[in-house]
Amino acid sequence: MKTKAVLSLTLVLALIISAFGFALAEETRTVTDAAGNVVEVPADLARISVTPLPWSSVIYAIDGTSEHMVCINPGAMKAYTGNFFEKLDPAYASLDTTCIGTDFSINMEEMVARGIQAMVIWDYQTDEAEQLKALGIVPVMVKNDTVEDLQSSLRAIGELVGKPERAQQFIDLYGEAYDRIQSYQDKVAEADKPKVIYLRNSELRLQGNDNFISTALALAGADNVAAEQSNISMEEILDINPDIILMSWFDKFTPDDLYNNAIEGQDWSTVKAVQEHHVYKTPIGIYRWDAPGVETPLMMLWLAQLVQPEIFADIDINQEVTDYFKTYFDYDLTQEDLDQIMSVAYNANSVAWEGMGK
């Protein structure tokens, strides 16, 4: 009888231990990051840090909140401050920006002190990944060299925050935008290509050599004349004499700075795009459109209708943006919101590009 009781008790304990072990197994979820690493993160993940600039906005978009983030890159906060995203998510302003450097460096002690459970890092930050793992913090790598890399990174973020279906919506949107623009490529191939220079900052660093931007400009029907360069000189610009100049949100410079020849050491007065007022500040929504993120499909459409307006005449970019925020964020843009996103005030003295026949 005593033996039976012991066996019964042993069986009960075994069942409890088994059930407890199963419960523990259920308390994590698997993430396959963009570098192919398979990691486990807590199912109730609540404290995330984000090293790469665009990816805190991506987490917001996929998670639907910024409440699970703790530390972000100060450059990401710079893109947030004073722009539309402030209105969409006021809580984002309280995220910490002191633990991550603008050079993507990480204060490991602060990560531990703040109880960070997982950290999103670039795929090349292999040393940092090992340090994080040694501290019990799960590294999740992202990259954006190609559209495929970006899609796998979006998928990883969906797995990280436990919302893979939501991530898939943004992944699908990429394919839809690409297929839509690709359907016009026969006409694009035959069209005259305006010479376009995409400036990242007033020091003449270029944005147009970025893999994503380079591809988007090609699909849009632009002659990205400095595609192989990271920087350009004023002399080279004068020699190229571009038809269109695009200006990134990675710098505060504006089209008026060129129209008024206000940048010290540079003379834009004879440049065709400046003379004809074909200089455009790019849009900025929940992040800078000229960096890969969830608004990249909108950037592709914006470039297409700007560069080849006759070919892509059916793209109503304002309606596209309005529908996007309603569909994916359940947010009704006001005209003021739309103007802010589309940099209307900055482009007030620019005129619409009307093609090579102008």
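No experiment lies behind these values; they were computed from the predicted model shown.

Cut-offs and rules
Residues numbered from 1 in each chain as written. Predicted model: local features only at pLDDT ≥ 70, side-chain atom pairs only at ≥ 80, totals over all residues. Heavy atoms only, no water. Phe/Tyr/Trp six-rings, centres within 6.5 Å; stacked < 30°, edge-to-face > 60°. Lys NZ or Arg CZ within 6 Å of the ring centre and 35° of its normal. Pairing = 2+ DSSP bridges. Helix = DSSP H or I, 4+ residues; strand = E, 2+ residues; numbered from the N terminus. Contact = heavy atoms within 4.5 Å. Axes fitted to C-alpha atoms, helices over the stretch in contact; angles between N-to-C directions. Parallel < 35°, antiparallel > 145°, perpendicular 65-115°, else oblique. Left-handed = near helix turned anticlockwise from the far one by under 90°. Salt bridge = Lys/Arg side-chain N within 4 Å of Asp/Glu carboxyl O. Buried < 20%, exposed > 50% of the residue type's maximum accessible area, 1.4 Å probe, protein only. pLDDT = per-residue confidence, 0-100.

**Thoughts on the packing of aromatic side chains**
Right, so step 1: In the structure shown here, the tally under the stated rule is 16 aromatic pairs.
Right, so step 2: Pairing Y80 with F85 gives two aromatic rings, centres 5.3 Å apart and planes at 80°, and the pair type is edge-to-face.
Right, so step 3: Positioned above the aromatic ring of F329, the side-chain terminus of R166 is 5.5 Å from the ring centre.
Right, so step 4: Sitting over the face of the ring of F250, R288 holds its NZ or CZ atom 4.3 Å from the ring centroid.

**Considering the sheet that holds strand β7 (residues 195-199)**
Right, so step 1: Here we have 4 strands laid out as an open sheet, ordered β8-β7-β9-β10, and parallel in their pairing. The sheet terminates laterally at β8 (223-224) and β10 (279-281), the two strands that pair on one side only.
Right, so step 2: Both strand β9 (residues 244-247) and β10 contribute to a ladder of 3 bridges, which runs parallel. Bridge pairing links I245 to V279 in β10.
Right, so step 3: Along the sheet, helix α10 (residues 211-220) contacts β7, β8 and β9; its crossing angle with β7, the most-contacted strand, is approximately 155°.

**Here we look at the packing of helix α8 (residues 164-182) against helix α15 (residues 317-329)**
Right, so step 1: Packing of α8 against α15 leaves a shortest axis separation of 12 Å and a crossing angle of 155°. Classed by the angle they form, the pair α8 and α15 counts as roughly antiparallel. Here the hand of the crossing between α8 and α15 comes out right-handed. Here α8 contributes R166, Q169, F170, L173 and R180 to the contact with α15, which in turn contributes E320, Y324, Y328 and F329.

**A look at the pattern of salt bridges**
Right, so step 1: Counting across every chain of the model gives 10 salt bridges.
Right, so step 2: Of the charged contacts, one joins D337 and K87 as a salt bridge, the two residues approaching to 3.0 Å between their closest N and O atoms. A residue pair is termed long-range when its members are at least 10 positions apart, and D337 in helix α16 (residues 335-341) and K87 in helix α4 (residues 85-88) qualify at 250 residues.
Right, so step 3: Owing to a relative accessible area of 2%, D337 belongs among the buried residues under this scheme.
Right, so step 4: Classification of K87 by relative accessible area gives partly exposed; the value is 45%.
Right, so step 5: R114 is paired through a salt bridge with D96; the nearest N and O atoms lie 3.4 Å apart. Here the residue R114 occupies a position in the loop between α5 (108-113) and β5 (118-122), and D96 occupies one in the loop between α4 and α5, the gap between them amounting to 18 residues.
Right, so step 6: Judged by its relative accessible area of 27%, R114 is partly exposed.
Right, so step 7: Taken together, the shared-partner salt bridges connect D96, E110 and R114 into one network.

**Structural notes on helix α2 (residues 55-63)**
Right, so step 1: Of all 9 residues making up α2, 9 are buried, and the element is well covered by its neighbours.
Right, so step 2: If you check which residues of α2 are buried, you get W55, S56, S57, V58, I59, Y60, A61, I62 and D63.
Right, so step 3: Just downstream of α2 lies G64, where phi reads positive at about 80°.

**Structural notes on the confidence of the model for the protein chain**
Right, so step 1: Summing up the model confidence of the protein chain, the mean pLDDT is 91 and the portion of residues at 70 or higher is 92%.
Right, so step 2: Below pLDDT 50 for its whole length, residues 1-25 participates in 0 contacts with residues either more than four positions away or in separate chains.

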